[in-house]
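Coordinate inspection notes
Below are the chains, spelled out letter by letter.
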Amino acid sequence: MILYFLFFGLIGILLFTSSTGSIIDPATLSEEEIVTMVWKGFSENLGLSLVLILGFYLFATFVQSFFTAGAIGMAKKASETGDAGFYDMLVSGSKNTFRLFLTFLLITLLLLVGIIFIVPGAFAVGDMSTLIENPEASVNGVAALAIGVILWTAYIIILNLVLSLSRYALVIDELGPLEALSEGFRFFTNNKLDVFFIWIITIGLALINSFVSEFAGSGSIMFAAIASLVPIVILEPLTAVLWTRLYLTRKGGKLYDPSYLLSDPDSF
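Below: a short report on this structure. Within each chain, residue numbers correspond to sequence positions counted from 1 in written order. For this predicted model, a pLDDT threshold of at least 70 governs which residues receive local features, and a threshold of 80 or more governs which side-chain atom pairs are given and counted, while totals over whole chains, interfaces and linings are taken from all residues. Hydrogens and water molecules were not included; the side-chain quantities draw on all heavy atoms of the structure.

Comments concerning the pattern of salt bridges
Between Lys or Arg on one side and Asp or Glu on the other, a salt bridge is scored when a side-chain nitrogen of the former is within 4 Å of a carboxyl oxygen of the latter. In the structure shown here, the tally under the stated rule is six salt bridges. Here glutamate 174 ties to lysine 95 by a salt bridge, and the two come within 3.3 Å at their closest N and O atoms. Taken together, the residues glutamate 174 in the loop between α8 (166-173) and α9 (177-190) and lysine 95 in helix α4 (residues 86-113) connect sequence positions 79 residues apart. Buried, partly exposed and exposed residues are distinguished by accessible area as a fraction of the type maximum, computed with a 1.4 Å probe on protein chains only: under 20%, between the cut-offs, and over 50%, respectively. When its relative accessible area of 47% is taken as the criterion, glutamate 174 is described as partly exposed. Through salt bridges with shared partners, a single ionic network connects Glu183, Arg186 and Lys251. Working definition: helices are DSSP H or I runs of at least four residues, strands are E runs of at least two. Numbering for both runs from the N terminus.

Some remarks on the side chain of serine 65
Following the sequence through the fold, serine 65 ends up in helix α3 (residues 46-81). Accessibility expressed as a relative area gives 0% for serine 65, which makes it buried. Distance and chemistry together define a polar contact, namely a pair of N or O atoms within 3.5 Å, with one atom able to donate a hydrogen and the other to accept it when in protein, and with adjacent residues in sequence counting only for side-chain atoms on both sides. Here threonine 61 takes part through its backbone oxygen, which lies 2.7 Å from a polar atom of the side chain of serine 65.

Here we look at the packing of α4 against α9
In this analysis, axes come from line fits to C-alpha atoms, helices being fitted only over the stretch in contact, and the angle between any two N-to-C directions falls in the range 0 to 180 degrees. Where α4 contacts α9, the two axes come as close as 8 Å, and the packing angle between them is 60 degrees. Accordingly, the angle class assigned to the pair α4 and α9 is oblique. Note on packing geometry: the crossing formed by α4 with α9 is right-handed. For the pair α4 and α9, contact is made by Arg99, Leu102, Thr103, Leu106 and Ile107 and by Pro177, Leu178 and Leu181, respectively. Think of it as three bins: nonpolar holds Ala, Val, Leu, Ile, Met, Phe, Trp, Tyr, Cys and Pro, charged holds Asp, Glu, Lys and Arg, and polar takes everything else, Gly as well. Taken together, the residues of the contact of α4 with α9 break down into six nonpolar, one polar and one charged. We call two directions roughly parallel when the angle between them is under 35 degrees, roughly antiparallel when it is over 145, roughly perpendicular when it lies between 65 and 115, and oblique otherwise. It is the rotation of the near helix from the far one that decides the hand of a crossing: anticlockwise by less than a right angle makes it left-handed, clockwise makes it right-handed. Contacts are residue-level and defined by heavy atoms, with any inter-residue pair within 4.5 Å sufficient.

Comments concerning the nonpolar core
Within the largest apolar cluster, 29 residues are counted, with the highest numbers of intra-cluster contacts made by Leu165, Tyr168, Val195 and Trp243. Residue assignment for this core shows that the elements contributing at least two residues are α3, α4, α7 (139-162), α8, α9, α10 (192-216) and α11 (221-250). Among the buried residues, those of types Ala, Val, Leu, Ile, Met, Phe, Trp, Tyr and Cys that are joined through side-chain atoms within 4.5 Å form a nonpolar core.

This is the structure we're talking about:
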């Protein structure tokens, strides 16, 4: 989150800084002026913009890979033994970060394949600057582009669902990137209903939290701050544990029995 705030803050400064060096207040601009300014700044500095975006994406993905691998490692340790600590996160993260990073890159490349859905619409629309200035100029092109975006979105959702267990297979079974993708796909084909059910639960909880934050958080800054922490403090750990236990259960892994703690709490 800190990385994203810093990155978008830097991009905002670059986009809303005039040639005289003064900062332009976005509140004084209309939506059309903001869109035009952003597109003009991006197109005129295409090389630098792509380098910044690519560099930030790679660095953020690497950091995410460490914490994701650490979280899965902790969930695995807790599921098997009933306990996990900060050291388990460090061990799992350091052991699996690079392989998980490569897996994330492979999944991203697969997601980008779906760009073919919007290519016809993009050609039909033509020059984006013309479209921004006159949105009614190419109605058919915009419709084709919208259909392409919908198809690409559906492709992204399906691919994420099918490969949702790949990262868990990589960390839990210590697989390579390609092996993890293959095992994740194979696990999904053998456990479609279970995977879909947990996927719906996690998405549903996230949507519920989003709706609650939007409607109830507008009148209370404290409530909004608490609601923003729910995904980090509750939903993300819960998701990691649910997926880990599902994978271990279906793969015949050994799970911790909570009755051990109830029978002898001093040994915990």
